[in-house]
Amino acid sequence: MNFKQLKYFTIVAEEGQITSAAKRLYLGQPALSYQLRQLEEEMGARLFIRKPHGIELTQAGKKFYAYASQILLLAKNAQTELADIETGKSGTIKLGSVSSSIGVLPSQKLVAFARVHPGLSFDIYEDNTYGILDKLEDRLLDLAIIRTPFNRTKLNSVKVLDEPMVAVSQGDLPEDLNLGKLSKYPLVIYRRFENLFTETFNQAGLTPHFVVKSDDSRTAIRWSDQGLGVALVPASIAQAYAQGRVRELTIPAWHTQLELVWLKDQVITPLMSDIIDLYRQGNDNGIMESRN
């Protein structure tokens, strides 16, 4: 039994005549009759009753027709799904995400992309930047969105968002909040930016007081919200979580980026390529992306 015989059988059953089925299949009647006999012999059952003006399915034939139709439909679906995977319309993307990617993941563009790819699914893995990088290196992820700074040696990347740091506080803050004024406040920081902050203050001859250091910008905001100090966090995180006052900072060195990354030696599937291109085209806020 093969797919060709199943197709012949279902069409003959639908037509109710060998003659019309042969025409529909562009096949000679003797060849079609031979295939049907071969099928009946292989199945060990009589599938048709031959009558003067056509054929009629036996009880076994009716049962077999249901199976044959289902098999052909499953085969067609499998062929379509495999083709979709090859062309990038279907599949699963294992996507790493840091907590501070809340402003760009999921983006409107990514959601719209998923809606026009009904066969697409995401496995989201959340961790800090170092944990995400470990998962990438262990081949547990296809793509990831992480925050600078990070070691780029083994990675390709696309810039997703470039944003400044802001100050968050329960108390009043001056609008022109420079390094000198900030150095007088107890500061609550995300530990990954400690070196950046310390270096900038030291270059200005200032010594900061870090009253709290944490491993998550959201944690820094929560401590600041309790009045313990001024939190220095990325703008998108403050917008999403801060309850206190937020002041923009115009300190050039205090910028950070979210980037979409993948391993340089990784095989890029069509679906991955489409998502990378999606982020290369610019994000929902009109901030341009760049390729490294």
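Residues numbered from 1 in each chain as written. Predicted model: local features only at pLDDT ≥ 70, side-chain atom pairs only at ≥ 80, totals over all residues. Heavy atoms only, no water.

Moving on, we come to the overall build of the protein chain. When helices and strands are counted, the protein chain shows 11 helices and 11 strands. Relative to the compact-globule value of 19 Å for 292 residues, the protein chain shows a C-alpha radius of gyration of 32 Å, a clear excess of over 25%. Dimensions along the principal axes, computed over C-alpha positions, put the protein chain at roughly 105 × 35 × 30 Å. Looking at the 292 residues of the protein chain, the share that counts as buried comes to 43%. Of the contacts formed within the protein chain by residues at least 6 apart in sequence, a portion of 71% connects residues at least 24 apart. Accessible surface, the protein chain: about 15900 Å² in total, of which carbon and sulfur atoms supply 51%. When the 33 positive and 33 negative side-chain charges of the protein chain are each reduced to one mean point, those points stand 6 Å apart. (Helix = DSSP H or I, 4+ residues; strand = E, 2+ residues; numbered from the N terminus. Rg over C-alpha atoms; globule rule 2.2 N^0.38 Å. Buried < 20%, exposed > 50% of the residue type's maximum accessible area, 1.4 Å probe, protein only. Contact = heavy atoms within 4.5 Å. Areas by Shrake-Rupley, 256 points an atom, 1.4 Å probe, with all protein chains shown as cover. Lys, Arg positive; Asp, Glu negative; His and termini not counted. Charge placed at Lys NZ, Arg CZ, Asp CG, Glu CD.)

Okay, the pairing of strand β2 (residues 54-57) next. Alignment of strand β1 (residues 48-51) against β2, held across four bridges, turns out to be antiparallel. Along β2, the bridge assignment pairs Ile49 with Glu56. Adjacent in sequence and paired antiparallel, β1 and β2 are bridged by two residues. (Pairing = 2+ DSSP bridges.)

Aromatic rings considered in pairs are described by the distance between their centres and by the relative angle of their planes. For the structure shown, the criterion picks out six aromatic pairs. Aromatic pair Tyr190 and Phe193: ring centres 5.3 Å apart, planes at 80°, arrangement edge-to-face. Neither Tyr190 nor Phe193 differs from the other in exposure class; each is buried. Summarising the aromatic geometry, the rings of Phe193 and Phe197 are spaced 6.1 Å apart at their centres and angled 45° between planes, so their arrangement reads as tilted. Overall, Phe193 belongs to the buried group, its relative accessible area being 1%. An aromatic cluster of three or more residues is present, and its members are Tyr190, Phe193, Phe197, Phe201 and Trp254. (Phe/Tyr/Trp six-rings, centres within 6.5 Å; stacked < 30°, edge-to-face > 60°.)

This part is about a nonpolar patch on the surface. Together, Phe3, Tyr67 and Ile71 give the surface a local cluster of nonpolar side chains, amounting to about 320 Å² of exposed area. Along the chain, Ile71 falls in helix α4 (residues 59-87). (Patch = residues over 30% accessible without salt bridge, like charges linked within 9 Å, V, L, I, M, F, W, Y side chains within 5 Å. Salt bridge = Lys/Arg side-chain N within 4 Å of Asp/Glu carboxyl O.)

Everything listed here is a matter of geometry and, on its own, says nothing about what the molecule does.
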